[in-house]
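This is what each chain is made of:
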Amino acid sequence: MAAKKTSTAFEYAPAPESRAIVDIKPSYGLFVNGEFVDGHGKSFKTISPSTEEVLAEIAEADEADVDNAVKAARRAYTRVWGRMPGSERAKYLFRIARIIQERGRELAVLESIDNGKPIKETRDVDIPIVAAHFFYYAGWADKLEYSGYGSTPLGVAGQVIPWNFPLLMLAWKIAPALACGNTVVLKPAETTPLTALLFAEICQQADLPPGVVNIITGAGATGQALVGHPDVDKVAFTGSTAVGKAIAKAVAGSHKKVTLELGGKAANIVFDDAPLDQAVEGIVNGIFFNQGHVCCAGSRLLVQESVADDVLARLKRRMATLRVGDPLDKNTDIGAINSAEQLAKIRELSDIGEAEGAGRWSPPCELPKHGFWFPPTVFTNVTQAHRIAREEIFGPVLSVLTFRTPAEAVEKANNTPYGLSAGVWTDKGSRILHMANKLRAGVVWANTFNKFDPTSPFGGYKESGYGREGGRHGLAAYLKGGVEQ
Ligand code: NAP
Ligand code: MG
């Protein structure tokens, strides 16, 4: 059949990935001491945000369940894992990494269903980087004496992660912790527990000693009980700045070491000498990748005034080709918003942006009838004072500001309580170095954006948190010689 002509050139035939490869059980218990057990508490449902279909009933861990998990982790630490030579621990990590690769398609499909993100991203970004993290830290397990932080682990790590990269955030937390000889109790986000529970099965398949990894599901109260448990030696948290601050207060004055990976409001800075078509690709990747549910998303576009109109025209043309819809369709660029709550937050802040006088634009696009959706959106005439320029929207919404000189770009980029990442687009190497030195951001990408590699440390300044994940620096958070906090 001939392709029907539309304003975006042509329509795509759907190319849905089969979900037959995943076996979602009607209900899940908690993963404690190497097996799935019933919780003492209540349960909750996880849904597919693209259809609102209920996927499974999930146990909600209460304080007694958290205590059991921490006890299992302590036993495993004292009796097995904390004493095992690094070369032996490495074998388990390599095995887990290989199983993740072997079961990659299953993990990718499950992540897309539970989170709403496009299969193109889970398949080509999330899962390969998850495996790479386990491979990378497996390599460190028997070389910790060269880390610069000694080789003595901390003990039991309590880890709490968000819903935007469920399995990737798990890998960032669990791989370095285990490589250094710690045991873990991890709580995934309430809306995205399924890949963490499949990871628990992978731990069983890898014959990981019981209690080394424990997965407890639940809401904020479960996370609070975990970080507050007196026998946890290390708290690792990724999530919002508000909850991060509450956790910092809760553990202040205790023996616990803490790392916090929090929110962001990154500037993506385009100079007039940049290759503009590539820059437009980088702007699109920076804010529309993963529906903009990215802590380091390039949510503030700073464009040099002399090319602002040109860049905006090219950006709008490109945005009109983005395909929003079924996360399992291989053509999809933008999937579903993760939850009704998150959609309400995005809508509220976007409406405020309009009320404050910014110009709002989205390409014409038909959104599915069920599920949670938001079109790719750009705001122009934004000033530093606008709330959309200051607050994290955590959705596919871009604010455009202009600048005239590099000094003005630096000042505007740094005028935020956050400091996680930034992007610089220019033809001049010297300008890249100049900007990288001036920008108060943990990561500065040059002529690219949203690149993640396990060998490279990632983390924030200011209210984006403290501590680094990834690379040699990531070991510091899990070794006695490496923690300054
Ligand atoms: P969130 O509300 O702070 O939740 C994060 C995790 O903490 C979830 O597992 C949550 O459980 C749990 N939690 C909630 N209240 C808690 C409490 N009082 N004590 C302990 N745990 C608690 O964040 P989110 O909305 O899920 O995630 C989005 C945020 O994460 C954004 O701000 C984003 O920038 C940030 N993020 C940062 C990074 C980074 O590396 N810097 C990476 C990814 C995301 P529930 O699931 O039940 O809410
Ligand atoms: Mg879900």
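Labelled according to an unreviewed UniProt entry, the protein appears under the name Aldehyde dehydrogenase family protein, originating from Nocardioides islandensis. Of the protein, the UniProt comment under Sequence similarities (unreviewed entry) reads exactly: "Belongs to the aldehyde dehydrogenase family."

I'd like a description of the sheet that holds strand β14 (residues 300–304), backed by residues and values.
Ordered in space as β15-β16-β17-β14-β13-β18-β19, the seven strands form an open sheet in which the pairing is mixed. Whereas interior strands pair on both sides, the edge strands pair on one side only; in this sheet they are β15 (359–361) and β19 (443–446). When the angles between neighbouring strand axes are averaged without regard to direction, this sheet yields 20°. The sheet contact formed by strand β18 (residues 421–425) and β19 spans four bridges and is parallel. When the bridges of β19 are listed, Ala-422 appears paired with Val-444.

I'd like a description of the pattern of salt bridges, backed by residues and values.
By the definition in use, this model includes 27 salt bridges. A salt bridge links Glu-17 to Arg-105, with the nearest nitrogen and oxygen atoms 2.9 Å apart. Placement of Glu-17 in the loop between β2 (9–10) and β3 (27–28) and of Arg-105 in helix α3 (residues 104–115) is noted, with a sequence separation of 88 residues between them. On the basis of relative accessible area, Arg-105 is assigned to the partly exposed category, the value being 45%. Where Lys-45 meets Glu-57, a salt bridge forms, and the shortest distance between an N and an O atom there is 2.8 Å. Taken as a pair, Lys-45 in strand β6 (residues 43–47) and Glu-57 in strand β7 (residues 54–59) lie far apart in primary sequence, 12 residues in all. Among the ionic contacts, a cluster of salt bridges with common partners joins Lys-25, Arg-103, Glu-106 and Glu-201.

So what's going on with the coordination of the magnesium ion (ligand 2)? Residues and values would help.
Surrounding the magnesium ion (ligand 2) are the protein donor atoms Thr-46 (OG1), Ile-47 (O), Asp-114 (O), Asp-114 (OD) and Thr-191 (O), at 2.2 to 2.7 Å. Between consecutive donor residues of the magnesium ion (ligand 2), the sequence gaps follow T-I-x66-D-x76-T. Here Asp-114, found in helix α3, pairs with Thr-191, found in the loop between β9 (183–187) and α6 (194–205); they are 77 residues apart in sequence, far enough to count as distant.

Outline the UniProt feature "domain: Aldehyde dehydrogenase" (unreviewed entry) in the protein, supporting the account with residue identities and numerical values.
UniProt records the feature "domain: Aldehyde dehydrogenase" (unreviewed entry) at residues 36–479, using the numbering of this structure. Taken end to end, residues 36–479 is 41% helix and 16% strand, and its first and last C-alpha atoms sit 29 Å apart.

If you had to explain the site of ligand 1 to someone new, which residues and values would you point to?
As a structural note, the neighbourhood of ligand 1 is formed by 28 residues, with Ile-161, Glu-190, Ser-240, Leu-262 and Glu-392 the closest of them. Residue Ile-161 places a main-chain N or O atom 2.8 Å away from an oxygen atom belonging to ligand 1. The side chain of Ser-240 places a nitrogen or oxygen atom 2.6 Å from an oxygen atom of ligand 1. Relative to its free-state accessible area of 900 Å², ligand 1 is covered by the protein chains to the extent of 88%. Of all elements in the fold, only α7 (220–228), β11 (234–238) and α8 (241–251) reach the threshold of two or more residues within the shell around ligand 1. A per-element tally of the shell around ligand 1 places α7 first, with three residues. Looking at side-chain class alone, the shell around ligand 1 contains 16 nonpolar, eight polar and four charged residues.

Break down the pairing of β18 for me, with residues and values.
Of all five residues in β18, five are buried; the element is thus mostly enclosed. Side chains Ser-421, Gly-423 and Trp-425 of β18 all project onto a buried face; the interleaved residues Ala-422 and Val-424 project onto the opposite face, where all are buried too. The sheet contact formed by strand β13 (residues 267–270) and β18 spans four bridges and is parallel. Bridge pairing in β18 links Val-270 to Trp-425.

The rules we used
- Residues numbered from 1 in each chain as written.
- Chains lettered and ligands numbered in written order.
- Predicted model: local features only at pLDDT ≥ 70, side-chain atom pairs only at ≥ 80, totals over all residues.
- Heavy atoms only, no water.
- UniProt positions renumbered as here; feature names shortened; annotations may be inferred.
- Pairing = 2+ DSSP bridges.
- Helix = DSSP H or I, 4+ residues; strand = E, 2+ residues; numbered from the N terminus.
- Axes fitted to C-alpha atoms, helices over the stretch in contact; angles between N-to-C directions.
- Salt bridge = Lys/Arg side-chain N within 4 Å of Asp/Glu carboxyl O.
- Buried < 20%, exposed > 50% of the residue type's maximum accessible area, 1.4 Å probe, protein only.
- Donors = N, O, S within 2.8 Å, 3.2 Å for Na, K, Ca; no water.
- Near = heavy atom within 4 Å.
- Polar contact = N/O pair within 3.5 Å; in protein donor to acceptor, adjacent residues only side chain to side chain.
- Areas by Shrake-Rupley, 256 points an atom, 1.4 Å probe, with all protein chains shown as cover.
- Nonpolar A, V, L, I, M, F, W, Y, C, P; charged D, E, K, R; others polar.

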